[in-house]
Amino acid sequence: MSEFLIRVWQPANIENIKSHILIVGDLTADCGHCRALGLKYAEVHTCPECGNEFMFITARSASGNAKSIGGVVRRIKSRRPDLTFVDYDDFQALIGKQTARDFFG
């Protein structure tokens with residue numbers, strides 16, 4: 001039986017995700033909590049700077065409507081099946097809303 005990737009929407013605590021997310025760039029990743037740079041996403045389980053455990057992962061290259069997104073997600077998930085993949089665009093939109101709410105609230 002073949003496995004396919006599918007987006008599933010569920011309620012989530014954005015602050016929890018922000019504190020425990022690994023943001024994959026072109027070559028390395030960043031800690032979503034302290035912004036530590038140059039992390040090897042396939043190997044690191046906790047941030048060497050702040051010590052937070054990673055539970056979520058996202059990728060800047062997995063945004064928009066490009067057909068290549070599935071390949072990016074599949075590659076990352078094959079290297080880090082222990083982490084929950086979060087859509088980058090959704091994550092950024094929610095962080096922006098939270099920042100605006102905090103600023104004006």
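My aim in this report is to walk through the structure given alongside it, one point at a time. Note that the structure is a prediction, hence the values are computed from the model and not measured. Counting from 1, residues in each chain are numbered in the order their sequence is written. Where local features are concerned, this predicted model is filtered to residues with pLDDT of at least 70; where side-chain atom pairs are given and counted, the filter is 80 or more; whole-chain, interface and lining totals use all residues. Hydrogens and water are ignored here; the side-chain numbers use all heavy atoms of the structure.

A word on the pairing of strand β1 (residues 21-24)
Phase 1 of the analysis: The alternating pattern of β1 places I21 and I23 on one face and L22 and V24 on the opposite face, and all of these are buried.
Phase 2 of the analysis: As paired elements, β1 and strand β3 (residues 56-59) share 4 bridges and run parallel to each other. Bridge pairing links I23 to T58 in β3.
Phase 3 of the analysis: When DSSP locates at least two bridges between a pair of strands, those strands are taken to pair. Only runs of H or I of at least four residues qualify as helices and only runs of E of at least two qualify as strands under DSSP, and these elements are numbered from the N terminus. Where β1 hands over to strand β2 (residues 29-31), the hairpin turn is made up of 4 residues, counted between the paired strands. Exposure classes here rest on a 1.4 Å probe applied to the protein chains alone. A residue is buried below 20% of its type maximum, exposed above 50%, and partly exposed in between.

Overview of the sheet that holds β2
Phase 1 of the analysis: Judged by pairing direction, the sheet is mixed, and its 4 strands sit side by side in the order β2-β1-β3-β4 without closing on themselves. Both edges of this open sheet fall to β2 and β4 (84-85), since each of them pairs with a single strand only.

Regarding the pattern of salt bridges
Phase 1 of the analysis: Here, a salt bridge means any Lys or Arg side-chain nitrogen found within 4 Å of an Asp or Glu carboxyl oxygen. Taken as a whole and assessed by the stated rule, the structure comprises 4 salt bridges.
Phase 2 of the analysis: Here R60 makes a salt bridge to D30, at a shortest N to O gap of 2.7 Å. You can see R60 sitting in the loop between β3 and α2 (69-79) and its partner D30 sitting in strand β2, a full 30 residues away along the chain.
Phase 3 of the analysis: We classify R60 as partly exposed; its relative accessible area is 34%.
Phase 4 of the analysis: Between R80 and D82 there is a salt bridge, and its shortest N-O distance comes to 2.9 Å.
Phase 5 of the analysis: Classification of R80 as buried rests on a relative accessible area of 1%.
Phase 6 of the analysis: What emerges from the salt-bridge pattern is a single network uniting R7, D87 and D90.

As for the side chain of R80
Phase 1 of the analysis: Its place among the elements puts R80 in the loop between α2 and β4.
Phase 2 of the analysis: Two N or O atoms count as a polar contact when they lie within 3.5 Å, although within protein this holds only if one can serve as hydrogen donor and the other as acceptor, and sequence-adjacent residues are included solely when both atoms are side-chain atoms. Polar side-chain contacts of R80 include one of 2.8 Å to the backbone oxygen of Y41.
Phase 3 of the analysis: Every residue pair with non-hydrogen atoms within 4.5 Å of one another is taken to be in contact. Setting aside residues up to four positions removed in sequence, R80 forms contacts with L22, Y41, A42, V44, H45 and I57.

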